[in-house]
Amino acid sequence: MARYLVRRLLYFVPVIFLVTVVVFLITMMLPGDPALAFLGEANIHDKVAYEAMRKELGLDRPLPVQYVIWLGRALQGDLGRSVRTHEAVLDALLARLPVTIELAAVALLIALAIAIPVGIISATRPNTKVDSVATVMAVSGVALPEFFVGILLIYLFAVGLKLLPPSGYTPLSVGIWPNLKSIILPALSLGLALNAVTMRQVRASLLEVLQEEYVTVARAKGLPEGEVIRLHALKNAMIPVITVIGLQIGRLFGGTVVIETIFAYPGMGRLAADSIFFRDFPVLQGAVLVMALAVLACNLLTDLLYAYVDPRIRYA
Amino acid sequence: MSKHTGSNSRVMTRREFLARSAIATIPLVASSARAGQAPTPAAIRRGGMLVGGINWTYPTMDPHISTMAGLPAYDGMFDALVRFELADAKTGQHRIVGRLAESWEQPDARTYIFKLKRGVKFHDGSDFDAEVARWNMLRMRDHPKSARKNYLASVESVEARDRSTLVIRHKVARTSFLPVLAYHFAGRTHMISKAAMDKLGEEGFARNPVGSGPFKFKQWITDDRIILERNPDYHEAGADGKPLPYLDGVAWRYIPDPTVSLVDMRAGSLQVLEWVPTKDVASIKADPNLATYDMPWAGQVYFQAGFNMDAPPFNNVLVRRAAVHGIDREGMAKALGFGIAVPHYYPKFMSGALGYDESLPKNEYDPGKVKALLKEAGYPDGVSIELKVIAREPENTIGEFVQQMWTNVGIKTKLVSMERLSWIDAMRAKNFQACFWRGTPGGAVVDPDIQKARVICGGEFNWAQWCDPEIDRLMEEGGKTLDTKKRHETYREVLRLIQERAYLGTGILVPLVTAYRREVQGLRVDFWVPDVRAAWLRA
């Protein structure tokens, strides 16, 4: 197991290297000049200030040199400073990361809390009314974009029922309930989309497992149906579900960019979106890099979970 | 020599005021009068936290460097020497009053002497005096990243004559200096604590600002919110005789999506929302819980067209004239103005500004004239051009509208919708034929000298980079002239040349509207920036 973990971590090195190249190149290839963004519209015709700013930001150097300098600093934990706010990028990211992690975690919990029971019910009662309702729910969840679901939820729970705040984030330090109130709607918007895919996967996977001979044997032994599902079928059905959840983590982080903007949420997603708008490329590079690392870490966690769920899987 | 007191004790007459600072008289709507009404002491309720919404984010807490000087938190934390105040809700007259300056005088055309308030302290306990004011003025003039330096470039010297006397001398006569100092988007002199800057350094100060304003800095979550708390030692008193502000604190939240911020407002989690989208104004006015502060003196002009005059076809004045006569402003206002926009005919000037004269040609919509002008210019079968706009609303919609109008009269227009910074790149490189941007002619109402940056060769807001030495000369002359009548004639000539030589096209003027919940009392706007220092929340 330890060897497997080390090997997987070593695989990370070329992957992260590629990620840094892609992140750097994409951000540098975006249309619009960061020096102009930084100077502000009042100084765009000031050629002296413009050249000075390009020099200050290192934009006067060849692209490979800029990349090597950036990578060298990044390896030492220095992701530079925001060209707009002068805040250290690492500090900005560390301030935002907990907010996004909390949002993603609650969204994931909501998704699983709905997807697993509904998927089980749907699989154990195929082609019934319950299954049809679940299918409609899942298809709607996949078809409706997260931002649209978000706006619908705002109108329903914030404007109509006045139960929850329409936007903004209340830190945990203020209190658990205010914090939860501020997180429910954005997490629900993200979670419903994730839930739909997961629910379909639970249903399909469980339906397949329930056809297996060992399940028939378990039933023949007279075990109650609940135990058959819980003890024999579900664990095996979860392996492809875990794969799907692992793959959805990337989408979840991508979704935070839109949802955090709609809900005026001070997380990594909105930081990334704002940094695109303001061409704050050190922040954008840092935000995308951290998100890429988070996705890689989640994929590793997914692989490790396989061994926990299915003891037959052993990593040598 | 003239002398003015900056306190509320003396109000300049309209004639006197126009002579000094050329501030316009523009009628206000009833709701603004209601919001800004002087309160009776018994009606005031102290305490509470006001949450406001803004459309723009703060790049830094250093107000000298910030390119977003109009954001309301700066006015909360920092005081300026002078500021604008709505003098008459019926006529819409503004006046310049002192904040840190108690009074001022102008012994000659180049010199301004300010008497500063005594006993004012910054939030860190350090004193505000003439030496600190001098340091602030010089920093704003000389700092390489100063967003005010262009407006203070004419300052030759700043002298602290004694602890409460500040003398500012200009290299040349400077007529518009006071309005420039008072205006957010020009040279507003937010005073910061030198002691705090020395202690924290520039980067530290930019995240932990110290001013002398009615609110103290508490927390800034970048791109999310800035939270300010009451300064109990503020130097201005409220109507109840105790120090302002009435509120315990104020939070300004940055909400980029106007739909969400309006929902927040309706739900009660926001109490003030600046610059609501035009399309939402009618529904806000219909909401019994909401009110609006309409600012017709501070409108946005949508569709300000510029032309690349270095290349055909717009190097030909006849084609430019054809283009400006090809814009149906009445139609545009009806179709895109949501009932509140009006046609705008005079680029960079608006009613109430010196130089504004409706007897000058309006370059009105005239399809027959467009065709005749194109024929005369050598394009009898019409001309094909490219119009570059920023890819956002309302630019896209207005761009499509103009594309249709121009194409119908023989100017076959290809609309190129570009990402904002790419558009700026294209402007800098003069890689365009026609372009359009939004802007406000409000600066002309403050003083046409402020419009200099928009109409002279190389001006920082002269997006299309058109250049006319005659206009440069006139703008220079207008800035130095003391006689108001002469100034009016000078700026009128600028406007006449702009119209005759068709340097700029215009579209519609949309008044700015700030919305607030009805429990908010005493809200004011400082020109158009929400001012909550004397606001309170009704029970």
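Residues numbered from 1 in each chain as written. Chains lettered and ligands numbered in written order. Predicted model: local features only at pLDDT ≥ 70, side-chain atom pairs only at ≥ 80, totals over all residues.

### A word on the interface of chain A and chain B
Taken together, the contacts link 32 residues of chain A with 29 residues of chain B. Of all the secondary-structure elements, those providing two or more residues to the side of chain A that touches chain B are helix 2 (34–39), helix 7 (146–160), helix 10 (225–262) and helix 11 (268–277) of chain A. Of the residues belonging to the side of chain A that touches chain B, the class tally is 15 nonpolar, nine polar and eight charged. (Contact = placed C-beta atoms within 7 Å. Helix = DSSP H or I, 4+ residues; strand = E, 2+ residues; numbered from the N terminus. Nonpolar A, V, L, I, M, F, W, Y, C, P; charged D, E, K, R; others polar.)

### Quick word on the packing of helix 5 (residues 89–124) of chain A against helix 8 (residues 176–209) of chain A
All names here are of chain A. Relative orientation of the contacting elements helix 5 and helix 8 amounts to 35°, with a least axis distance of 6 Å. Classified by chirality, the crossing of helix 8 by helix 5 is right-handed. When grouped by side-chain class, the residues that make up the contact of helix 5 with helix 8 number 23 nonpolar, five polar and two charged. (Axes fitted to C-alpha atoms, helices over the stretch in contact; angles between N-to-C directions. Left-handed = near helix turned anticlockwise from the far one by under 90°.)

### A closer look at the nonpolar core
Ranked by internal contacts, the top residues of the largest apolar core, which has 242 residues, are Ala107 and Ala287 of chain A together with Val82, Ala323, Ala434, Cys435 and Ala535 of chain B. Once residues within four sequence positions are removed from consideration, Ala535 of chain B is found in contact with Leu50, Tyr246, Leu247, Val520, Gln521, Gly522 and Leu523 of chain B. (Core = buried A, V, L, I, M, F, W, Y, C linked by C-beta atoms within 7 Å. Buried ≥ 20, exposed ≤ 12 C-beta atoms within 10 Å, placed from the backbone.)

### A look at helix 10 (residues 317–325) of chain B
Counting buried residues in helix 10 of chain B gives seven out of nine residues, a clear majority hidden from the surface. Turning to helix 10 of chain B, its buried residues are Val319, Arg320, Arg321, Ala322, Ala323, Val324 and His325 of chain B.

### Describing unusual backbone geometry
Residue and element names in this part refer to chain B. Going from Leu244 to Pro245, the amide bond is cis rather than trans, its omega being 0°. In this chain, Pro312 is followed by Pro313 through a cis amide linkage whose omega measures 0°. Note on placement: Pro313 falls in the loop between strand 13 (290–307) and helix 10. Not every positive phi belongs to a glycine, and Asn363 is a case in point at roughly 55°.

### What about the pairing of strand 11 (residues 249–254) of chain B?
All names here are of chain B. Among the six residues in strand 11, five count as buried, and that is most of the element. Looking at chain direction, strand 2 (residues 49–54) and strand 11 are connected through six bridges and run parallel. Residue pairing for strand 11: Ile54 is matched across the bridge by Tyr254. Inspection of the sheet shows strand 10 (residues 225–230) paired to strand 11 by five bridges, in the antiparallel sense. Across the sheet, Leu228 pairs through a bridge with Val250, a residue of strand 11. (Pairing = 2+ DSSP bridges.)

### Focus: the environment of Val89 of chain A
Residues and elements named next belong to chain A. Here Val89 shows up in helix 5. Sequence separation between Val89 and Pro34 is 55 residues; the distance between their C-alpha atoms is 16 Å. Once residues lying within four places of it in the same chain are set aside, the contact partners of Val89 are Leu79, Gly80, Arg81, Ser82, Pro282, Val283 and Gly286.

### Some words on helix 8 (residues 258–267) of chain B
Residue and element names in this part refer to chain B. Burial of helix 8 is extensive: seven of the ten residues sit out of reach of the surface. Turning to helix 8, its buried residues are Val260, Ser261, Leu262, Val263, Asp264, Met265 and Arg266. One or two positions beyond helix 8, positive phi appears at Gly268, with a value near 95°.

### A short note on the domain arrangement of chain A
Residue and element names in this part refer to chain A. As far as domains go, chain A holds domain 1 (19–75) and domain 2 (97–315). One C-alpha centre belongs to domain 1, the other to domain 2; they are set 37 Å apart. Between domain 1 and domain 2, the contact holds ten residues from the first and eight residues from the second. Residue assignment for the side of domain 1 that touches domain 2 shows that the elements contributing at least two residues are helix 1 (2–29) and helix 2. Top element by residues in the side of domain 1 that touches domain 2 is helix 1. It accounts for six residues. In the side of domain 1 that touches domain 2, the residues fall into seven nonpolar, three polar and no charged. (Domains from an automatic or database assignment.)

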